[in-house]
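One letter stands for each residue in the lines below.
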Amino acid sequence: MKEYRNEIIIALVSIIGAILATWFFFFSIDEKKITVQSDLFSVVAPNPNALLCINRPSMLSKIILSDDYTKKLFAPHLPPVFAKIIDKNPGIPFYLISYHEQGEVIYANATLEQAYQIADNILHPYFSSFDPKRTLIDKAEFTFYALPGNRFFVTYYNQGVWAASFSKKLLDEICLQQKIGQTALSDRILSQKKLMDRNAPLNLLMPAPSLDISVQINDSIRMGLGNGWVYADLFSSDGKLCCFSGIPYNAQLDSIYPIMADSVVRRLKSFYPNHNFLPQLSKDAERIYFTACLVQPDSVSR
């Protein structure tokens, strides 16, 4: 009887152990999901000048960084260390870059292990001249890589959010945003964010006034993109880099949209005088869409 009772106790202990192991396994998965699914837009430092979403990091290297012609287009806006992080760390499926007056910030959802992998495998060799210094501030981990000229490259990690910048001030603002738990981005930005195609390799968000695109309809009316923000989906088509965007459609302006498309191309040419863009317009009942593909000069029909 005693032996039978011992077997029952052992069986109960085994069942409880299995339940605890299963609970711990699923709890770990849920915790990992929360880390992956957290919205990086909620921690973006206030007052960005533009936002770049990198939905397929491997495509960034394939579309942009592997081609000298398109690389020149993005090089001024993508710090080399950011490109290195994105290219050499395939374990992270999404990056966000915000552009500010003080500099740029790159963000990612990451586990602490992934944050250390970025540090050990990418940043330590990249900034090999000086040993990094780690410090904890309000449970957030900052790592400082000293650069010549009394400058620093700084990384930030806290509760599944990893970020890096040459501006410690911007990372301090991210830390504050994470504590607040509410986005500092305006409704104008968030409304355009909803229109982006997250299946596109890249999405770009920027203020419409920065494009300075308008069409003179008559002596008294000038039509532009307004004071809000606009989005663009960037993708590859037949080996060419293309961008796609849309604005609300008004049938009364059908004759104006082609002129505005030409204005967009001229504006792109003013930014990138050595590049050519082929435009195309399409529409549905609610929106009119603009597509422009980057083509090399010798491939443009004359």
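You'll find the structure just up there.
What counts, and at which threshold
- Residues numbered from 1 in each chain as written.
- Predicted model: local features only at pLDDT ≥ 70, side-chain atom pairs only at ≥ 80, totals over all residues.
- Heavy atoms only, no water.
- Helix = DSSP H or I, 4+ residues; strand = E, 2+ residues; numbered from the N terminus.
- Buried < 20%, exposed > 50% of the residue type's maximum accessible area, 1.4 Å probe, protein only.
- Contact = heavy atoms within 4.5 Å.
- Areas by Shrake-Rupley, 256 points an atom, 1.4 Å probe, with all protein chains shown as cover.
- 1 Å grid on protein atoms, 1.4 Å probe; cavity = no way out; pocket = protein on both sides within 12 Å on 5 of 7 lines; lining within 4 Å.
- Points joined across faces, edges and corners; volume = space filled by probe spheres on them.
- Pairing = 2+ DSSP bridges.
- Axes fitted to C-alpha atoms, helices over the stretch in contact; angles between N-to-C directions.
- Nonpolar A, V, L, I, M, F, W, Y, C, P; charged D, E, K, R; others polar.
- Core = buried A, V, L, I, M, F, W, Y, C linked by side-chain atoms within 4.5 Å.
- Salt bridge = Lys/Arg side-chain N within 4 Å of Asp/Glu carboxyl O.
- Polar contact = N/O pair within 3.5 Å; in protein donor to acceptor, adjacent residues only side chain to side chain.

Concerning the overall build of the protein chain
In step 1: Across its full length, the protein chain carries nine helices and 14 strands.
In step 2: Taken across its 302 residues, the protein chain has 42% of its residues classed as buried.
In step 3: Relative to all contacts within the protein chain whose residues are 6 or more apart in sequence, the contacts with residues 24 or more apart total 59%.
In step 4: Looking at the protein chain as shown, the accessible area adds up to about 17,400 Å², and 55% of this sits on carbon and sulfur atoms.

Quick look at empty space enclosed by the protein
In step 1: Taken as a whole and assessed by the stated rule, the structure comprises one cavity of 30 Å³ or more.
In step 2: As for the largest cavity, its lining consists of Ala115, Tyr116, Ile118, Ala119, Leu123, Arg134, Glu141, Thr143, Thr155, Tyr156, Tyr157 and Trp162.
In step 3: Sorting the residues of the lining of the largest cavity by element identifies helix H5 (112-126), strand E5 (140-147) and strand E6 (151-158) as the ones contributing at least two each.
In step 4: Counting residues per element, the lining of the largest cavity draws most heavily on H5, which supplies five residues.

Thoughts on the sheet that holds strand E11 (residues 229-237)
In step 1: Taking strand neighbours across the sheet as the criterion, the twelve strands line up as E4-E5-E6-E7-E3-E2-E1-E8-E11-E12-E14-E13 in an open arrangement whose pairing is antiparallel. Edge positions in the sheet fall to strand E4 (133-137) and strand E13 (276-283), since each has one partner strand and no second. The sheet shows a mean angle of 20 degrees between the axes of neighbouring strands, direction not considered.

A closer look at the layout of surface pockets
In step 1: What the largest pocket holds in volume is close to 1,000 Å³.
In step 2: Here the residues of the lining of the largest pocket are counted per class, giving 36 nonpolar, five polar and one charged.

Focus: unusual backbone geometry
In step 1: The phi dihedral of Asp138 falls on the positive side, at around 55 degrees, and the residue is not glycine.
In step 2: Note on placement: Asp138 falls in the loop between E4 and E5.
In step 3: At Lys139, a residue that is not glycine, the phi angle is positive and equals roughly 70 degrees.
In step 4: With a relative accessible area of 76%, Lys139 lands in the exposed category.

Section: the nonpolar core
In step 1: Grouped together as the largest cluster of nonpolar side chains are 49 residues, with contacts concentrated most on Ile97, Leu123, Phe153 and Trp162.
In step 2: Discounting chain neighbours no more than four positions away, the residues touching Ile97 are Ala50, Leu51, Leu52, Ile54, Leu78, Phe82, Ile86, Glu104, Val105, Ile106 and Tyr107.

Comments concerning the pattern of salt bridges
In step 1: Under the criterion given, the structure shown has six salt bridges.
In step 2: Asp39 serves as the salt-bridge partner of Lys193, at 3.8 Å between the closest nitrogen and oxygen. Remark: Asp39 occurs in the loop between helix H1 (2-37) and strand E1 (50-54) and Lys193 occurs in helix H7 (residues 187-193); sequence separation between them is 154 residues.

What to know about the side chain of His100
In step 1: In this structure, His100 sits in strand E2 (residues 95-100).
In step 2: The buried category is assigned to His100, whose relative accessible area is 7%.
In step 3: Of the polar contacts made by the side chain of His100, one reaches the backbone oxygen of Pro46; its length is 3.4 Å.
In step 4: Residue contacts for His100: discarding those within four places in its chain leaves Ala45, Pro46, Asn47, Pro48, Asn49, Val105, Tyr107 and Leu170.

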